[in-house]
Amino acid sequence: MSEHTISVEELRDRQPRFSGLAPGHRACLGCGQALGARLVTEASGPEVAVANATGCLEVFTTPWPQSAWRVPWLHSVFENAGAVASGVEAAWKARGQPGKVLAFAGDGGTFDIGFQALSGMLERGHEVLFVCFDNEAYMNTGIQRSGSTPHAATTTTSPAGRERMGKRHLKKDLLSIIAAHHIPYAATASVAYPSDLRRKVRRALAVEGPTFLQVYSPCPLGWGHEGSESIEVARLAVQTGLFPVVELERGHISGVMPIREQQPVEAFLRPQGRFRHLLGDDPRACEERAHLQALADHNIERWGLAGQAPEPGDSEGADTVHRGGARPA
């Protein structure tokens, strides 16, 4: 080895940013959950404990006897990440131990199976940041539809065919349900905008009381797109208006990511196999495309997402690297 060569281990040790999720896990190429978990733990720092519901993130990071976690980590069952995190928080308080508690779950463990425990955690006021990595289906168990699956998407339990054009129901408006608990802070974010996501994690951890973050996390396997397209697909969800990026404090809007130039919904649908049945000339497909476009337009009007002029923090400016390498934290 020459004097100018360093080992991978030494190079890794020189990296300035802490991440609670180490490389070498077994996530699929382009996994949004893996990126999301890394970004959240970068922002949280090492003084945290994680309660992780059953799901993809738990499975690909902890194949026995290995673990990719560099922070205290507990595996909860599918339905009780909120309850387990509440217990850790109560124990730390009783011991006078400093640190923050995070709860991680997918949309199944948040929107559906785990909602009761999450609601109880919020209502009791535990100082826990609950992070939902939203990949819009039960991906770990075979790509079944969930309460988060968007309208007209095809899954193994909502297949497109002669009888229907994918899932018949709308994506559950979870953020509004969370806001009804009157918690100090709740927000949505996307792995396509890392700086915005990290800022929201820091904001949530600085607030006293329970907080919530819904992170849009593409799944190439379940959504039917290339792993290299995950960030572009996630960005298009924001730019079309299908996934509003907003912040709420005590149920009131405190911030939004404006959309500089709205993209047509079809641009979001086209790269994804789960929406392939909507791209033809079938009258039913045309009707569903129009329905999804109407939903996106409604989101923009409801949340006030239409940008009036270019802004550094809008859907085009956020996470743009400027001259000299400067960009938001």
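Preceding this paragraph is the structure being described.
As the structure is a computational prediction, the values presented were derived from the model and not from experiment.

**Some remarks on the packing of aromatic side chains**
For the coordinates displayed, the defined rule picks out eight aromatic pairs. The interplanar angle of 20° and the centroid separation of 6.1 Å between the aromatic rings of Phe-130 and Phe-212 together place this pair among those described as stacked. Of the two residues, Phe-130 sits in strand β4 (residues 128–134) while Phe-212 sits in strand β6 (residues 211–216), which places them 82 residues apart along the sequence. For Phe-130, a relative accessible area of 0% corresponds to the buried category. Here the aromatic rings of Tyr-216 and Phe-243 are separated by 4.6 Å at their centres, their planes lie at 35°, and the arrangement is tilted. Residue Tyr-216 is found in strand β6, and its partner Phe-243 is found in the loop between α10 (230–240) and β7 (246–249); the two are separated by 27 residues along the sequence. Summarising the burial analysis for this pair, Tyr-216 and Phe-243 share the class buried. Three or more aromatic residues link up through ring pairs in this structure, and these residues are Trp-69, Trp-73, Phe-104 and Phe-133. A cation over a ring is seen here: Arg-235 above Tyr-193, with NZ or CZ 5.8 Å from the ring centre.

**Structural notes on the pattern of salt bridges**
Scanning the model with the defined rule gives 19 salt bridges in all. With its nearest N and O atoms 2.8 Å apart, the salt bridge here joins Asp-134 to Lys-171. Highlighted residues: Asp-134 in strand β4 and Lys-171 in the loop between β4 and α7 (174–179), separated in sequence by 37 residues. A residue is classified by how much of its surface remains accessible, and Lys-171, at 22% relative accessible area, is partly exposed. One salt bridge in this structure joins Arg-203 and Glu-249, with 3.1 Å as the shortest N-O distance. Of this pair, Arg-203 sits in helix α8 (residues 194–206) while Glu-249 sits in strand β7, and the two are 46 residues apart along the sequence. Accessibility expressed as a relative area gives 30% for Glu-249, which makes it partly exposed.

**Observations regarding the environment of Glu-136**
Tracing the backbone through its elements, the reader meets Glu-136 in the loop between β4 and α7. According to the relative accessible area criterion, Glu-136 is buried, its value standing at 4%. A C-alpha to C-alpha distance of 8.5 Å links Glu-136 and Cys-219, two positions 83 residues apart in sequence. Leaving out residues up to four positions away in the same chain, Glu-136 has contacts with Asp-107, Ser-146, Ser-148, Thr-149, Pro-150, Lys-171, Tyr-216, Trp-223 and Arg-274.

The rules we used
- Residues numbered from 1 in each chain as written.
- Predicted model: local features only at pLDDT ≥ 70, side-chain atom pairs only at ≥ 80, totals over all residues.
- Heavy atoms only, no water.
- Phe/Tyr/Trp six-rings, centres within 6.5 Å; stacked < 30°, edge-to-face > 60°.
- Helix = DSSP H or I, 4+ residues; strand = E, 2+ residues; numbered from the N terminus.
- Buried < 20%, exposed > 50% of the residue type's maximum accessible area, 1.4 Å probe, protein only.
- Lys NZ or Arg CZ within 6 Å of the ring centre and 35° of its normal.
- Salt bridge = Lys/Arg side-chain N within 4 Å of Asp/Glu carboxyl O.
- Contact = heavy atoms within 4.5 Å.

Nothing here speaks to function; it is geometry throughout.
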